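Summary of the model geometry
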Amino acid sequence: MASQAMIDEAKAFLKQESPDNKLNVYDHLCSIIHSVLEERTQNPVDVFEDLSLEKKHNVERESRVIDEQEVLVAKLQSSLFEKTNVEDADPEPEDEVEMPLPDLMDISYYFEQAGVGLGREETFKIFLALKNLVDTHTLQNVRFWGKIFGTVKNYIVAEVEYREGAEDEEGEEEEVEEKVAEEEEEDEKNEEDEVPKPDFKQPPKIPREENGTGCNKKTYFVCNEPGTEWIKLPPVDPAEIVCARQIKKFFTGNLNAPVISYPPFPGLEMNYLRAQIARISAATHISPIDYYKFEEDDDDDSDGEGRDSYTMNVEFEPLPVYELIDPSLNNWVHHMQHILPQGRCQWVNPSMKTENEEFDEDEEEEENEDPDEPQQEEGPPLLTMINQDSDVDGLPAWSASRSSDLVPAYSVAVLRSNTWPGACTFGFDKKFENVYIGFGHKYSSENYSPPPPPPVFEEYLTDLEVTEVPDPTVAEEQALLAMQQEQLEREAEEAEMEDDEEDDD
């Protein structure tokens, strides 16, 4: 028979707490037995493990410390689920405008078949956040572009198109702010003392493409969490795209964070984010062939060169899945314009002056001295087949597959980009959609290495006037000193002889 000491020792052993959840076996068993006796559970031995697991979860839930950030995010997201008052809402017009918000939950269902998505809970929150964006802006079209991961926070990206005239009003306000900032900078420069100006002349700045054209054809809004404020990204400049191709930086989630890199990036993280979005969209936004077509009254070439717009083909006949996943990739085309090495979709001659720029006499003389014109850059035209994309380390730029081989009749076509990991497209019947979920980096088989600095410029021309003379040796210095001493002695003797001759006279 066990003694009282042995019982106390065993009880003390069972009361040892776990370092993770602060639970002990003794209290846990007492809680389960108390629950079984109080509730008169039928066949408790069969559900003992379930009761134990339930008790553990209840204790962990009660002892869990809620982070302040989680509380803040929960309060922000709670506004997404608030139902608007129907009585206070404006009556719907008779001519109902087409809803610019797509059915994101239906789209996410097809991406789930492809193994891509953010989860139904987060997707529904993003859906409600996009609805708030539609309610606060005059938009013609809006879609979920994707999600870019950051080191501190992430970016949820929405791609929108304004209705006619709506974006012009916001653009005018931004232009006024830019002009005021430029005038302040000019005033500060005039107040400073004049300093000598170097002869080096900066290369001409490539102008930015107008809103609604080229890289700025679409407008993008971002937020860190569903329910937070949507922030409009600025238009992208060609210099930002050119520099973004040479650097590789992880995003932090702070739009105003500086981008410390070499070459120096001309802007903040919001500009770098906008440049990466433009690059990813141009390379990964694809659609089934013949889904879009060029306008019949377009006078440009029939192969698509020089065209920047298209319309939806109402006579489009959907292709079967086995044709959409054909390894030849002949049934998918790019519906976003290619970005040239210049950083624009439409090439411009940097040596040509616009109407707003004035010519100086010195500049005209320099241009006349340098008659060489830059060579025009050309890229693939709009609606080019994706099988013409460059390979990635011996692999095609796209990998096509079926969502399921078990029930092929109900499967969807899935295309994944090997150039931009995280970019995915599905196609089924007349539906297709593009999404990007990743870090915003292009694939590279080699580790990133920043480009070397440019060569140092020569300060002077290498001619006889500026060529450095080698130092003389000791023997040469002694010989030179001896020759100078002899010359001084000779001059002294000649001077004495002249004095003697004057005395004789």
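This text follows the structure it describes.
Residues numbered from 1 in each chain as written. Predicted model: local features only at pLDDT ≥ 70, side-chain atom pairs only at ≥ 80, totals over all residues. Heavy atoms only, no water.

Some details on the pattern of salt bridges
Taken as a whole, this structure holds 10 salt bridges when the rule is applied. Among the ionic pairs, Arg120 bridges to Glu112, the shortest N-O distance being 3.2 Å. A relative accessible area of 32% means that Glu112 is categorised as partly exposed. In this structure, Arg143 and Glu159 form a salt bridge, with 3.4 Å as the shortest nitrogen-oxygen distance. With Arg143 in strand β1 (residues 139-148) and Glu159 in strand β2 (residues 155-162), this pair connects stretches of sequence that are 16 residues apart. (Salt bridge = Lys/Arg side-chain N within 4 Å of Asp/Glu carboxyl O. Buried < 20%, exposed > 50% of the residue type's maximum accessible area, 1.4 Å probe, protein only. Helix = DSSP H or I, 4+ residues; strand = E, 2+ residues; numbered from the N terminus.)

What about the packing of helix α5 (residues 104-113) against helix α6 (residues 120-136)?
α6 packs onto α5 with a crossing angle of 150 degrees between their chain directions and a minimal axis gap of 10 Å. Remark: the crossing between α5 and α6 carries right-handed chirality. Facing Leu104, Met105, Ser108 and Glu112 of α5, the residues of α6 in contact are Arg120, Thr123, Phe124, Ile126, Phe127 and Leu130. Broken down by class, the residue content of the contact of α5 with α6 amounts to 6 nonpolar, 2 polar and 2 charged. (Axes fitted to C-alpha atoms, helices over the stretch in contact; angles between N-to-C directions. Left-handed = near helix turned anticlockwise from the far one by under 90°. Contact = heavy atoms within 4.5 Å. Nonpolar A, V, L, I, M, F, W, Y, C, P; charged D, E, K, R; others polar.)

Here we look at empty space enclosed by the protein
The full count for this structure, using the stated rule, is 3 cavities of 30 Å³ or more. Space inside the largest cavity adds up to approximately 180 Å³. Listing elements by their share of the lining of the largest cavity, those giving two or more residues are α5, α6, β1 and β12 (431-438). Counted by class, the lining of the largest cavity contains 10 nonpolar, 4 polar and 2 charged residues. Taken as a whole, the second largest cavity spans an internal volume of roughly 140 Å³. (1 Å grid on protein atoms, 1.4 Å probe; cavity = no way out; pocket = protein on both sides within 12 Å on 5 of 7 lines; lining within 4 Å. Points joined across faces, edges and corners; volume = space filled by probe spheres on them.)

A closer look at the pairing of strand β3 (residues 219-223)
Within β3, 5 of the 5 residues are buried, which leaves the element mostly enclosed by the surrounding structure. Residues Thr219, Phe221 and Cys223 of β3 are buried on one face, and the alternating residues Tyr220 and Val222, pointing to the opposite face, are buried as well. Note that β2 and β3 share 5 bridges and pair antiparallel. The residue bridging Glu159 from the neighbouring strand is Tyr220, located in β3. Two elements, β3 and strand β4 (residues 231-232), share 2 bridges in a ladder whose sense is antiparallel. What sits directly across from Val222, in β4, is Ile231. (Pairing = 2+ DSSP bridges.)

A few points about the sheet that holds strand β10 (residues 413-417)
Pairing within the open sheet is mixed, and its 8 strands lie in the order β4-β3-β2-β1-β12-β11-β10-β9. For this open sheet the edge positions go to β4 and β9 (398-402), each flanked by a neighbour on one side alone. Taken strand by strand, α6 contacts β1, β2 and β3, and its axis lies near 145 degrees from that of β1. On top of the sheet, helix α9 (residues 269-284) reaches β1, β2, β3, β9, β10, β11 (423-428) and β12; it is set at about 100 degrees to β1, its chief contact.

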